[in-house]
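Examining the three-dimensional arrangement
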Amino acid sequence: DAKTTQPPSMDCAEGRAANLPCNHSTISGNEYVYWYRQIHSQGPQYIIHGLKNNETNEMASLIITEDRKSSTLILPHATLRDTAVYYCIVRVYAGNNRKLIWGLGTSLAVNP
Amino acid sequence: GAVVSQHPSWVICKSGTSVKIECRSLDFQATTMFWYRQFPKQSLMLMATSNEGSKATYEQGVEKDKFLINHASLTLSTLTVTSAHPEDSSFYICSASPITQSSYNSPLHFGNGTRLTVT
């Protein structure tokens, strides 16, 4: 079962920031939040991950609330190529296996 | 870096035949690889965890005799769909993480998937 909740779809104008929210209210203290995206008919692409501090890389920024119950992925200047399904995932650690439990994600449409 | 390659990218086969899908880590080694299946408009479902040098671990409800997994080396895992049926038509995706990233929180990298159509 997915441990995260995301809006099913969002729209964003090209060039503007896209802010994608995610709720993970049952997250455990040592669980990281991961963000991936999947462009149609391709494998998922890793974007960013974090534990409790805000993170930034060349693709995006990740803002995690102080209570860690929610987070926001920020694409600072969205382009048409950012149109994809974005998945927020909390990884379940089961023995030696690291499982990613996938929800339905947010389908982001970047409009010209 | 951290490129995962899948082959073939798409395959069409007849019902009753077997199909092998390869997953290779091109620039890193991985002791563990993961196999997922994705039906249209649905999310990824973990099928099994492939462990180099040992038996794969299958998720509940996944038939191990139907979906044969072999992890022969640190850079190659294969998934064979045996006696394929039309309901096995799906998008199969593998993922892996570099062995040098010892932290269990290191991100997984995914292949581009294999579209299987069984007629």
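Preceding block: the structure.
Residues numbered from 1 in each chain as written. Chains lettered and ligands numbered in written order. Predicted model: local features only at pLDDT ≥ 70, side-chain atom pairs only at ≥ 80, totals over all residues. Heavy atoms only, no water.

We now examine the pattern of salt bridges. A side chain of one charge can pair with a side chain of the opposite charge when the charged atoms of the two come close. All names here are of chain B. If you walk through the whole model with that rule in mind, you get four salt bridges over all chains. Two residues, Arg24 and Glu22, come together in a salt bridge whose shortest N-O distance is 3.5 Å. Overall, Glu22 belongs to the partly exposed group, its relative accessible area being 24%. For the salt bridge of Lys66 with Asp88, the shortest nitrogen-to-oxygen distance reads 2.8 Å. Here the residue Lys66 occupies a position in the loop between β6 (57–58) and β7 (67–73), and Asp88 occupies one in the loop between β8 (76–81) and β9 (90–96), the gap between them amounting to 22 residues. You'll find Lys66 and Asp88 in the same group, each marked buried. (Salt bridge = Lys/Arg side-chain N within 4 Å of Asp/Glu carboxyl O. Buried < 20%, exposed > 50% of the residue type's maximum accessible area, 1.4 Å probe, protein only. Helix = DSSP H or I, 4+ residues; strand = E, 2+ residues; numbered from the N terminus.)

Residues and elements named next belong to chain B. In spatial order, the strands read β1-β3-β8-β7; together these four strands make up an open sheet with antiparallel pairing. Each of the sheet's edge strands pairs with one partner strand only, and the pair in question is β1 (4–7) and β7. The mean angle between the axes of side-by-side strands here comes to 15°, regardless of whether they run parallel or antiparallel. The sheet contact formed by strand β3 (residues 19–25) and β8 spans six bridges and is antiparallel. (Pairing = 2+ DSSP bridges. Axes fitted to C-alpha atoms, helices over the stretch in contact; angles between N-to-C directions.)

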